[in-house]
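Residues per chain are reported as follows:
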Amino acid sequence: MTDMIPFIDLQAQRARIKDRMDAAVMKVLDEGRYILGPEVGELEAKLAEFAGMGRALSCANGTDAILIPLMAWGIGRGDAVFVPSFTFAASAEVVVLAGASPVFVDIDPDTYNMSPESLAAAIADVKAKGELTPKAVIAVDLFGQPADYPALEPIAREHGLKLVSDCAQAYGSTLGGKASLNWADALTVSFYPAKPLGAYGDAGAVLCKDDALFDTMKSVRVHGEGASRYEYARIGINSRLDTIQAAILLAKLEVFAEEIQMRQRVADAYNSRLGNAVKTPKVIDGAQSTWAQYTIEVDDRDGFRAHLAEQGVPTAIYYPIPLHLHAPYASYPVAPGGLPVTEAAAGRVVSLPMHPDMPGGDIDRVVAAVTGFRG
Ligand SMILES: *Cc1c(COP(=O)(O)O)cnc(C)c1O
């Protein structure tokens, strides 16, 4: 059995920036302000600066980051929120937690992001049935690339819907040089350790441009706090960020732009060397992906994965079963005509090792294993 190369290598990144991170963490321990300490405010300012627009509110994780704006807008019972099914559970789970109903929308076959045509059809269908009130769209920036916001935003606006960018995998991505917040009302981020910008524990953030929304979300984040600490203006949650995570993220943010370029170089190498053998990822014109995943499509996926594993190359499947086919989500509406593109993709996608510190030798091994597969 050959040694497995890493799928992602957080220790290689740690070795690269260890000194500044250790110093940042020790400073937090010495100062003793463990929750919402000074580094948290510093991080929020830097996150907005890096995105190039808006204000950032940190929170406990990327799931809360989506829930918080939904709660701030008062979205709840009887409301419809349009969301892709080809995503991580959190994107739709928060809709149910808010008391509303997800309506599942199909994806584009090349980018795996929300299909504007399917969204328009789903909105029309919900309106025609009259049981739910359309309120918001959660577009997911899957695998690191922005959804097609220039096409999605006019549809959301036409129907008076809020637009959320679930940017959990794609903070730092751009379209025409701009963050998806340029089109969305809220951009939500996860700093789960394996995401492109990862903390050393759970952490998240939500960015917005509107000051009133920011203030309401800030209240929601800490139990619905009102003008003073033990006065409550609304029902909220506890989603404060640990200061240690903010300090770690501040150190990592300094090298993040460079890391996106390091990931891009791995993607470029894969693209040029795998393009003849498998369906490689398509990034829309003018977009910069953060390459949270490098996801290809193959016919015989089980055979392919077994062959790669034999060659010491790990793979992963994001996502093997679309959300609308899981029991807890099965009773919610889907776009008219169902989700054929989603279901086809779920049976064919497979993600290859991808991280900024990937050595050329590891890339060579992945390429040899992929091109050497005879399915
Ligand atoms: C990871 C992820 C989330 C949730 O983030 P957590 O920090 O794990 O709560 C939400 N949406 C998508 C698309 C994700 O990949």
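The rules behind the values
Counting starts from 1 at the beginning of each chain's written sequence and moves along it residue by residue. Where local features are concerned, this predicted model is filtered to residues with pLDDT of at least 70; where side-chain atom pairs are given and counted, the filter is 80 or more; whole-chain, interface and lining totals use all residues. In computing side-chain values, all of the structure's heavy atoms are included and hydrogens and water are not. UniProt positions are given in the numbering used here, feature names are shortened, and annotations may be inferred rather than shown by experiment. Residue proximity to a molecule or strand is established when one non-hydrogen atom of the residue lies within 4 Å of it. Here a polar contact means two N or O atoms within 3.5 Å. Within protein one must be a hydrogen donor candidate and the other an acceptor candidate, and residues neighboring in sequence count only if both atoms are side-chain atoms. Residue-level accessible areas treat just the shown protein chains as cover; the underlying method is Shrake-Rupley with a 1.4 Å probe. By definition, any uninterrupted DSSP run of H or I lasting at least four residues is a helix, any uninterrupted run of E lasting at least two residues is a strand, and each is numbered from the N terminus. In the scheme used here, Gly and all other residues not listed as nonpolar or charged are polar, with Ala, Val, Leu, Ile, Met, Phe, Trp, Tyr, Cys and Pro taken as nonpolar and Asp, Glu, Lys and Arg as charged. Type-normalised accessible area, obtained with a 1.4 Å probe on protein chains alone, sets the label of each residue: buried when under 20%, exposed when over 50%, and partly exposed for intermediate values. For this analysis, a salt bridge means a side-chain nitrogen from Lys or Arg found within 4 Å of a carboxyl oxygen belonging to Asp or Glu.

An unreviewed UniProt entry lists the chain under the name Aminotransferase DegT, with Maricaulis virginensis as the source organism. Quoted verbatim from the Sequence similarities (unreviewed entry) field of the UniProt record, the comment on the chain reads "Belongs to the DegT/DnrJ/EryC1 family."

(A) Quick look at the site of the ligand. Taken together, 13 residues lie around the ligand, and Gly-62, Thr-63, Asp-166, Ser-190 and Lys-195 are the ones closest in. Thr-63 has a polar side-chain atom sitting 2.5 Å from an oxygen atom of the ligand. In the environment of the ligand, a nitrogen atom lies 2.8 Å from a nitrogen or oxygen atom belonging to the side chain of Asp-166. Calculation on the ligand without its partners gives an accessible area of 380 Å², and the protein chains cover 92% of this total. Counting only elements with at least two residues in the shell around the ligand, the list comes to helix H3 (62-72) and helix H4 (90-97). Residues belonging to the shell around the ligand are distributed by class as follows: four nonpolar, seven polar and two charged.

(B) Representation of H3. Most of H3 sits out of view: nine of its eleven residues are buried. Structurally, the start of H3 carries an N-cap: the backbone nitrogen of Thr-63 is 3.0 Å from a side-chain oxygen of Asn-61. Following H3 by one or two positions, Gly-74 has its phi on the positive side, about 75°.

(C) Molecular detail of the pattern of salt bridges. A complete count under the given rule lists 18 salt bridges for this structure. For Arg-55, the salt bridge goes to Asp-211, with nearest N and O atoms at 2.9 Å. Here Arg-55, found in strand S1 (residues 55-59), pairs with Asp-211, found in helix H7 (residues 211-221); they are 156 residues apart in sequence, far enough to count as distant. Residue Arg-55 is classed as partly exposed on the basis of its relative accessible area of 33%. Using a relative accessible area of 43% as the deciding quantity, one classes Asp-211 as partly exposed. As a salt-bridge pair, Lys-135 and Asp-79 come within 3.1 Å of each other at their nearest N and O atoms. Here Asp-79 lies in strand S2 (residues 79-84) and Lys-135 lies in strand S4 (residues 133-140), a separation of 56 residues in the sequence. Residues joined by salt bridges that share partners form a network here, namely Asp-110, Lys-279, Glu-297, Asp-299 and Arg-348.

(D) Highlighting the UniProt feature "modified residue: N6-(pyridoxal phosphate)lysine" (unreviewed entry) in the chain. UniProt records the feature "modified residue: N6-(pyridoxal phosphate)lysine" (unreviewed entry) for Lys-195 in the present numbering. Mapped onto the secondary structure, Lys-195 falls in the loop between strand S7 (186-190) and strand S8 (204-208). Given the relative accessible area of 18%, Lys-195 is considered buried.

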